[in-house]
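# Coordinate analysis (summary)
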Amino acid sequence: NLITDVGLEQVSKLSGITLLNLSGCNSITDVGLEHISVLSSITSLDIHFCKRITDAGLEHISKLSGITL
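What comes next is a walk through the structure. (Residues numbered from 1 in each chain as written. Predicted model: local features only at pLDDT ≥ 70, side-chain atom pairs only at ≥ 80, totals over all residues. Heavy atoms only, no water.)

When you go through the chain residue by residue, the secondary structure sums to three helices and two strands. When the helices and strands of the chain are placed in sequence order, the string is α-β-α-β-α. Its C-alpha radius of gyration of 10 Å places the chain within 12% of the 11 Å reference for a compact globule of 69 residues. For the chain, the C-alpha atoms occupy an extent of roughly 25 × 20 × 15 Å along the three principal directions. Put simply, the chain has 69 residues, and 38% of those count as buried. Long-range pairs, those at least 24 residues apart, make up 66% of the contacts in the chain between residues at least 6 apart in sequence. Total accessible area computed for the chain in this model is approximately 4100 Å², and 56% of it derives from carbon and sulfur atoms. Counting 4 positive and 7 negative side-chain charges, the chain places the averaged centre of each group 5 Å from the other. (Helix = DSSP H or I, 4+ residues; strand = E, 2+ residues; numbered from the N terminus. Rg over C-alpha atoms; globule rule 2.2 N^0.38 Å. Buried < 20%, exposed > 50% of the residue type's maximum accessible area, 1.4 Å probe, protein only. Contact = heavy atoms within 4.5 Å. Areas by Shrake-Rupley, 256 points an atom, 1.4 Å probe, with all protein chains shown as cover. Lys, Arg positive; Asp, Glu negative; His and termini not counted. Charge placed at Lys NZ, Arg CZ, Asp CG, Glu CD.)

Following this line, the structure appears as structure tokens:
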């Protein structure tokens with residue numbers, strides 16, 4: 001997949017988004033997850049096989065209270 005952290009910065013402007021599938025997006029890092037941590041409407045986030053995400057990135061999305069991974 002060609003989605004990057006810069007792309008997630010743009011996605012962060014979609015305030016009504018509820019489902020986000022980023023599975024296999026190897027260009028995404030913790031910075032990208034920080035961008036989407038503002039999307040409080042997200043209920044489902046798929047980050048399987050995103051090899052550059054660390055515990056720090058997961059800390060960013062831990063703020064999303066209604067999310068299932």
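Next comes the rest of the write-up.
Before going further, it helps to spend a moment on unusual backbone geometry. Unlike most non-glycine residues, Phe 49 shows phi in positive territory, near 65 degrees. With respect to the element layout, Phe 49 can be found in the loop between β2 (44-46) and α3 (55-61). Judged by its relative accessible area of 63%, Phe 49 is exposed.

Counting 18 residues, the largest nonpolar core has Leu 20, Leu 22, Ile 36, Leu 45 and Ile 47 as its most contacted members. Breaking this core down by element, the ones donating at least two residues are α1 (5-11) and α2 (30-36). Apart from residues no more than four positions distant in its own chain, Leu 20 is found in contact with Val 11, Ile 36, Ile 42, Ser 44, Leu 45 and Asp 46. (Core = buried A, V, L, I, M, F, W, Y, C linked by side-chain atoms within 4.5 Å.)

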